[in-house]
Amino acid sequence: MSDPKPTSPKQATSADSPPDLLAARAGANRPKGFFDLPGVRKFMRNRMAVVALAIIVVFFATAISIMVPPGLIKIDAVTERVGLSKEPGFGRLAAVKDRISHADRIVSDVDKALRTSDPQSSLAAFGYAERTVFSTEPELVEDKLGEVNDKFDALDDAIADYEDALDERDAYLKDIDAAQVAADASELAALSDAVDAADAAKLAQLELLEGEIAELMPIPDSLAYKLRLLLGTDAQGRSVFLRAVYSIKTAVQIGFVTSFIAVVMGGLLGAAAGYFGGLIDHAVVWLYSTISAIPYLIWLIVIAFVVREISTPDDWKFFAGIPLGQTLIPVYLAFILTFWIGPCRVVRGEAMKIKSLDYIQSARSIGASQKRILLRHVVPNTAYLLFINMSLLFVGAIKAEVILSFLGLGVQGQPSWGIMIKDAKDEVINGFFWQIGAATAFMFVLVLAFNIVSDALQDAFDPKHVG
Amino acid sequence: MNRKADGMFQRIATFLTLILVSVAGAQDRVVQLPVRTDGPKSLDPVQGSTVYDNKATVQMYETLLEVAYYDTTRFVPLLLEDLPERLDDGKRWRFTLRDDIFFIDDECFPGGEGRKMVTDDVFYSWKRLADLDNKLENWWLLRDTIEGLEANAQGTKFDYDADVAGLVKIDDRTFEVVLTQPVYRFLWVLTMFQTSIVPHEAVEHYGEDFSRNPVGSGPFVLDEWVPKSHMTFDRNPAYRPMFYPEAELWSEEDAALGLAEAAGTRLPIADRLEFTFYIEDQPLWLEFRQNKLGLIQVPSAYFPEAFSKRSKRLSREFRQEGITHAAVPLLDYIFRAFNMEDELVGGYTPEKKALRRAISLAVDWDEFNQDFYEGLCTVYDGVIPPALEGHPENGRDPRAPRGPDIQAAKAALVEAGYPDGQGLPPIRFYTSQGGNNDQQVEMLQRQLSRINVKLDPILVDFSQLIEQVNKRQAPMFSFAWSSDYPDGENNLALFYGPNASPGSNHYNYNNPEYDKLYESIVAMEPGEERTRIYNQMQEMLFEDIPAIGALARVRYYLIAPWLKNAKPNERYYGWYKMLDADDSKR
Amino acid sequence: MWAYTFRRILYNIPIFLGIVLLLMVLLRVNDPVYAQLSKNATEVEIAAKRVELGIDRPLLVQFAEFMLPIRLDEEGVHWTGSVFGFDDRSWYREDSVWNIVRPSVMPSLSLTVPALILSTFLSVAVGLVSAANRGRWIDRALVFFAVIGMSISFLVFIIFGQYFGAYWLTQAIGFELFAVRGYEAVAAPEVLDPDAGLTIRGWLNRYNVPSLLGWPKHCLLPVMISVIVTLGYDTRFYRSVIVEQSTSDYIRTARAKGCPERTVLVKHLLRNAMIPIITRVMITLPFVVVGSLLLEVYFSIPGLGQTLFTHVTNKDFPVTQTIVAVLAIIFIASNILTDVLYALVDPRVRLS
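Along every chain, residues carry numbers that run from 1 in the direction the sequence is written. Whichever chain is written first is A, and whichever ligand is written first is 1; the rest continue in order. For this predicted model, a pLDDT threshold of at least 70 governs which residues receive local features, and a threshold of 80 or more governs which side-chain atom pairs are given and counted, while totals over whole chains, interfaces and linings are taken from all residues. Water and hydrogen atoms were dropped before computing side-chain values, which therefore reflect all heavy atoms in the structure.

1. A closer look at the side chain of Gln538(B)
Residue and element names in this part refer to chain B. In this fold, Gln538 is placed in helix α17 (residues 528-544). Exposure remark for Gln538: the relative accessible area of 3% places this residue in the buried category. Apart from the residues lying within four places of it in its own chain, the contact partners of Gln538 are Asp381, Gly382, Val383, Ile384, Gly390 and Leu492. In this description a helix means any DSSP run of H or I spanning at least four residues, a strand means any run of E spanning at least two, and both kinds are numbered starting from the N terminus. When accessible area is computed with a 1.4 Å probe and restricted to protein chains, residues below 20% of their type maximum are described as buried, those above 50% as exposed, and intermediate ones as partly exposed. By the convention used here, residues are in contact when the closest approach between their heavy atoms is within 4.5 Å.

As structure tokens, then:
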């Protein structure tokens, strides 16, 4: 079914040194530069792929700048309260109900600070990031709080009026219904007007209250603060934007580590199996057949669960002083142990083919060692496959992380898109889409870029692939 | 006409009807209720432990006493003629069973007919708790309580025929129980579903499958149980004459809600109960909104949808639909604890006490309450949950180290010898995973970082958390205690020296003075003197701070317009027999 | 032919043994005892529990007991010595393994089988359209949509699918087209002929077969969500299969001799593309049994995925081992079937 096609660009070039990524990068025997390779040129012609590649580079750069000390975003910044619970992003107004509870929350938080043993320093220490109380003088704040509470009372009255108006209208409609007579248009209009007026009065009162609140705790004008509230806040008042950005680091870390190790491991095992054959081949095939017989999600769950729960001996529980469960190691292990199979299979098939090619035979005839042939000829020739596989696995890892995190077996102790989706899963019904939206959008962009790039890579380098 | 072919044709026809018609039989009064889990694990009372086991089991089995529907701080007779008679100052109790209790008809009985319940059944059921073959899951309820009732040794069979000194049979309906010491809580234990009365024939007949083939005397019989999906019960047609609580027993507020209207109605009122199991909140909420469920405990994420957070009032939209609500305060004690034997955070020297005080002063329970429980919980000082004797007024006790008070916390930290947190290594903090515990840990870390105290959080499976705590290896951990019975003594016992781990004193708190006071209150009748001692004991805890607390949940329930007679409580679930469905309001 | 089949079976035995052994080792990394005991267990109780669960014995003994119809130990109450532990007691729920597994299979199948059929047909069709218009805007648009579908998490599809498909839609049209959750098994009236022993009702109930009328209401929405998610992957795969076929010589010949385009596509191309299509379906087949965990959790479908997850996370070895062993057998059987089918079609295969 899959005989090598003589028309492929790979075999069209000189026999003992086929063009491929690694060899080319090393500059081995090739006069031309990396960008002159036919595959690379084909890739570069695909404009969408280049844009996608640029996006990936941006994501990687962000991840690295978070990871490398001092770090673009510190973990403390991600866990810090920057606002009230579930504030919408882009400066949009929350639902009326939520606006009231936001105001209420500020009042009770300020009140709590006032009631400590040293109100002055408590007030100074209190705040949502840079958003602090306008003064640290307890008397001044107390006075302001009094004014706010007056407004609150007025608002409560306005709400009661509004509900009364609604009740009146409903009662009228019900009466008409019961009496089976036509509604008196003017009376109904009057009642509806009353409802509208009461509604407007309620909103006006709410705005007055919010005005007072803004004086009590002015919203800072700084760009840094606005940026943090750009995509709203989560249930704990943490910045969704910062968390989504920080999750890039988590995603890239998981994606890169697992796809890299899985590809190296799978590639080596596959090349060895395909090249040496015999017992090694049987062992490797047995291992991957065994693992792939069970849906990979099940292995993921079993492995992640087992590693997270390791109970004995006690020192296993800690990795560099951090509890194992708090590190990404359980996630890495679960992914690597299931992901290496794909590249292994592909490389094994390719290695079997390459083994029978002329230039390998000739290399062997001039007395090159087995190891040399394997590492210098077989592995480099499968490099493009490994690269494509790596980008596929990268995507696989990011998506699988969401599932694992949802099941409580994924990332712990730092934000990730999976954690954000999990945290947000019950907010959707309440019409709060910001957190799940942000996580999905960030993930979407990265995964889409990877999908496009791996397509383009396949187009450019895989002779069998048809675009 | 060929008869064989005719039969064949008929069979195919019936088969087709079977496939096409999914019957939900036109029953008159069906009450649908949610269970927020994948369902019960066992229907055998002695093996039950979870709330879900409880909800299912009590519909079919009964206990001697039950918690009163109209007042959950009291109990009333269920299988008994009357409340038990107190003899010998509470050391001996006399019980009389009702004369009209029958087990349901079942193939395990000779002739398939349910027989009358007798004294021996009661003794048999209690002995099952002590039988090692039943895994001793609930033996703690009766351990060291009844004179001469002991669990069998490893490798031996429990001898059900052997006489137990404390269980004295007088006749088939009357018996006496002799206690090892007058323990006030004994009668409360008899309201708990694990002490339900089962017939020995069923246990013997079904063997291991007894857990799926309930044979009880209760108001309902099991119709169908599909794990992970649903469970249905039908009315027990032969249920003895039992009636809805009389009108004068109900408080005025309850009567105003219409709860007294059904007074005197024969139980059970509903013909059928249907439990559906939910793992995620979203489907649970959506189905309630579609009016398919009688009542739900409001998942906290959906609270702002139905209520005004500020006033805790049901929103107008819901009121218009005829939905009502009920707030059920739980007898909860949610806390963060210290292991008093730990080298870093334990100990009774002034420095160690100061360290714990600093941490306690930095913790802001209110923030937890606001962000994770929508502000629905009660934050309180001390260890005794709201509404019980010994609970401080408004939950505030001036002696308690209540946070957040960062300045005071910092001062305490200086006292402890770690000015501004310098020199203090990270404290290992254990908590169970699941729910939003990961987020709660993050918040705790954030709060403590204000005084530069660092935590090393370890999230483990609940069973492992218990293991670590029992081995006294967790320096600091998160736990919760739900009172077994409405008395502060239950919570004060958590700090009693001899109860140290693996007992319920997980703090390994050891204070001889405290122990002496505790021993004095065990058999004491409720009263002013006892409350004064409760207070005194709590003061010791404020001083030593083995635990940072506390939080008590208040559960909000929404009740669909068609569900009648619902007064939710989480003390017991036998009240489902009181529920009624008014189909005209669906 | 028989010799070939026999060889394939022989070859797959070590794989099957490997799966079960690997799983048993993995599970035993953690001590399951504490999950079984109450809060205040003593050392003696813990040791006794270990004996009772039979995990104090060497792994190979446990392995042998699981695989063979023998019982090597009379003490433990949980291992009955039945093959693959079907009669063992679950450690988590008071029931036998068989009673737990049996009612879970049909609900899973009632989601995955329609989903597999639907998504295969749809994606072959879309792949065909896409390939026929290769390079044109319609092809690009379809491929782009496929990639977009692949780039969003399954979980997000489910959360929004349930909200809009079941709840919002019902509110909007005032009629419950799709239920938010639930599963309706056939509940048949008591009839049927007493001579038959096992009645049809009994059979249907035992296996939790879905009712025909309840199925669209409860299962169609999750099936559609699952189809939408897999459509992206499948479409791309089938498209490239078809494109590959369409560049081959026989198609060119067919076109050259003047066959109408429709005949070329349907008669020549599709028929030849059948082999990779069937292969892919066959590969997916065993995974169909385990169902979709996330869909089952969200839509309360009492399927095998949910069962397996609950029992894994509650350290219930008997149920986990049995389910995995059964899955492995199904996988291997479908593998052998595929191989044999190939061998029947293409005699060259038998020689290699």
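2. Details of the interface of chain C and chain A
Taken together, the 45 residues of chain C in the interface contact 43 residues of chain A. Buried area counts how much accessible surface, traced with a 1.4 Å probe, disappears from two parts once they are put together, with both parts' losses summed. A buried area of about 4,300 Å², summed over both sides, lies between chain C and chain A, and 76% of it is on carbon and sulfur atoms. On the chain C side of the contact with chain A, Leu26(C), Asn30(C) and Ser151(C) bury the most area, a combined 12% of that side's loss. Salt bridges are defined as contacts in which a side-chain nitrogen from Lys or Arg sits within 4 Å of a carboxyl oxygen from Asp or Glu. At the junction of chain C and chain A, the tally comes to 1 salt bridge. Residues adjacent in sequence count toward polar contacts only when both atoms are side-chain atoms; beyond that, a polar contact is any pair of N or O atoms within 3.5 Å, and within protein one must be able to donate a hydrogen and the other to accept it. Between chain C and chain A we count 5 residue pairs in polar contact (both at pLDDT 80 or more) in total. Elements represented by at least two residues in the side of chain C that touches chain A include exactly α1 (2-27), α6 (137-150), α7 (154-173), α9 (214-246), α11 (261-290), α12 (293-298), α13 (304-313) and α14 (317-345) of chain C. In terms of residues, the side of chain C that touches chain A owes the most to one element, α1(C), which gives 8 residues.

3. Some words on the nonpolar core
Residues belong to one nonpolar core when they are buried, are Ala, Val, Leu, Ile, Met, Phe, Trp, Tyr or Cys, and are joined through side-chain atoms within 4.5 Å. Among the nonpolar cores identified, the biggest contains 286 residues, and Phe335(A), Trp417(A), Leu64(B), Phe95(B), Trp126(B), Phe186(B) and Leu558(B) are the most heavily contacted of them. The element that contributes the greatest number of residues to this core is helix α20 (residues 434-461) of chain A, accounting for 16 residues. Those residues in contact with Trp417(A), other than ones at most four positions away along the chain, are Phe59(A), Ala244(A), Ser247(A), Ile248(A), Ala251(A), Ile398(A), Glu401(A), Ala439(A), Phe442(A), Met443(A) and Leu446(A).

4. A short note on the domain arrangement of chain A
Entries for chain A in the domain assignment read domain 1 (92-221) and domain 2 (240-461). Here the C-alpha centre of domain 2 of chain A lies 52 Å away from the C-alpha centre of domain 1 of chain A. An automatic or database domain assignment provides the domain bounds reported here.

5. Regarding unusual backbone geometry
Each neighbour pair has its own omega, and for Pro69(A) with Pro70(A) the value is 5°, a cis peptide bond. Structurally, Pro70(A) is set in the loop between α4 (47-67) and α5 (75-79). Leu267(B) connects to Pro268(B) through a cis peptide bond whose omega is -10°. Here Pro268(B) shows up in the loop between α6 (252-256) and β10 (272-277). At Ala129(A), a residue that is not glycine, the phi angle is positive and equals roughly 55°. Note on placement: Ala129(A) falls in the loop between β1 (127-128) and β2 (131-132). One non-glycine residue, Asn394(B), lies in positive phi territory at about 55°. Among the secondary structure elements, Asn394(B) is positioned in the loop between β14 (378-379) and α12 (406-415). Using a relative accessible area of 71% as the deciding quantity, one classes Asn394(B) as exposed.

6. Some words on the interface of chain B and chain A
Facing 44 residues of chain B, the contacting portion of chain A comprises 46 residues. In total, chain B and chain A occlude about 3,800 Å² of area from one another, counting both sides; carbon and sulfur atoms represent 39% of this. Summed over the shared surface of chain B and chain A, the number is 13 salt bridges. Among the ionic pairs, Asp167(A) bridges to Arg316(B), the shortest N-O distance being 2.7 Å. Along the contact surface separating chain B from chain A lie 21 residue pairs in polar contact (both at pLDDT 80 or more). Mapped by element, the contributors of at least two residues to the side of chain B that touches chain A are α7 (281-289), α8 (303-306), α9 (316-320), α11 (365-372), α12, α13 (437-449), β16 (455-460) and α14 (462-470) of chain B. Residues are grouped as follows: Ala, Val, Leu, Ile, Met, Phe, Trp, Tyr, Cys and Pro are nonpolar; Asp, Glu, Lys and Arg are charged; every other residue, Gly included, is polar. When the residues that make up the side of chain B that touches chain A are grouped by side-chain class, the tally is 14 nonpolar, 10 polar and 20 charged.

7. Overview of the pairing of strand β5 (residues 92-96) of chain B
Residues and elements named next belong to chain B. What you see with β5 is a clean split: Trp93 and Phe95 sit on the buried side and Arg92, Arg94 and Thr96 on the side with no burial. Pairing of strand β4 (residues 85-87) with β5, which is carried by 3 bridges, proceeds in the antiparallel orientation. Its bridge partner being in β5, Arg86 is matched across the sheet by Trp93. Here β4 folds back onto β5, and the loop between the two strands holds 4 residues, one of which, Asp88, carries a positive phi near 50°. Here β5 pairs with strand β7 (residues 174-178) via 5 bridges, running antiparallel. The partner of Thr96 across the bridge, within β7, is Thr174. By definition, two strands form a pair when at least two bridges between them are found by DSSP.

8. Considerations on a nonpolar patch on the surface
Residue and element names in this part refer to chain A. Without a salt bridge and with relative accessible area above 30%, a residue can belong to a patch; like charges are then joined within 9 Å and nonpolar side chains (Val, Leu, Ile, Met, Phe, Trp, Tyr) within 5 Å. Each accessible area is a Shrake-Rupley estimate made with a 1.4 Å probe; only the visible protein chains count as cover when residues are assessed. A cluster of nonpolar side chains, namely Phe256, Phe260, Ile261, Val264, Leu268 and Leu375, defines an oily patch on the protein surface of about 500 Å² accessible area. By the secondary structure assignment, Leu375 is in helix α17 (residues 370-381). The exposure class of Leu375 is partly exposed, given its relative accessible area of 46%.

9. Observations concerning the sheet that holds strand β12 (residues 324-329) of chain B
Residue and element names in this part refer to chain B. Pairing in this open sheet of 3 strands is antiparallel, and the strands run β11-β19-β12 from one edge to the other. Bordering the open sheet on either side are β11 (295-297) and β12, each of which pairs with just one other strand. Strand-to-strand twist in this sheet, taken as the mean axis angle between neighbours without regard to direction, amounts to 20°. As defined by bridge partners, β12 adjoins strand β19 (residues 554-559) across 6 bridges and the pair is classed as antiparallel. The partner of Ala327 across the bridge, within β19, is Tyr556. Most of the contacts of α7 go to β11, to which it runs at about 145°, and overall it touches β11 and β19. For every element, the axis is a line fit to its C-alpha atoms; helices are fit only across the contacting stretch, and the angle between N-to-C directions ranges from 0 to 180 degrees.

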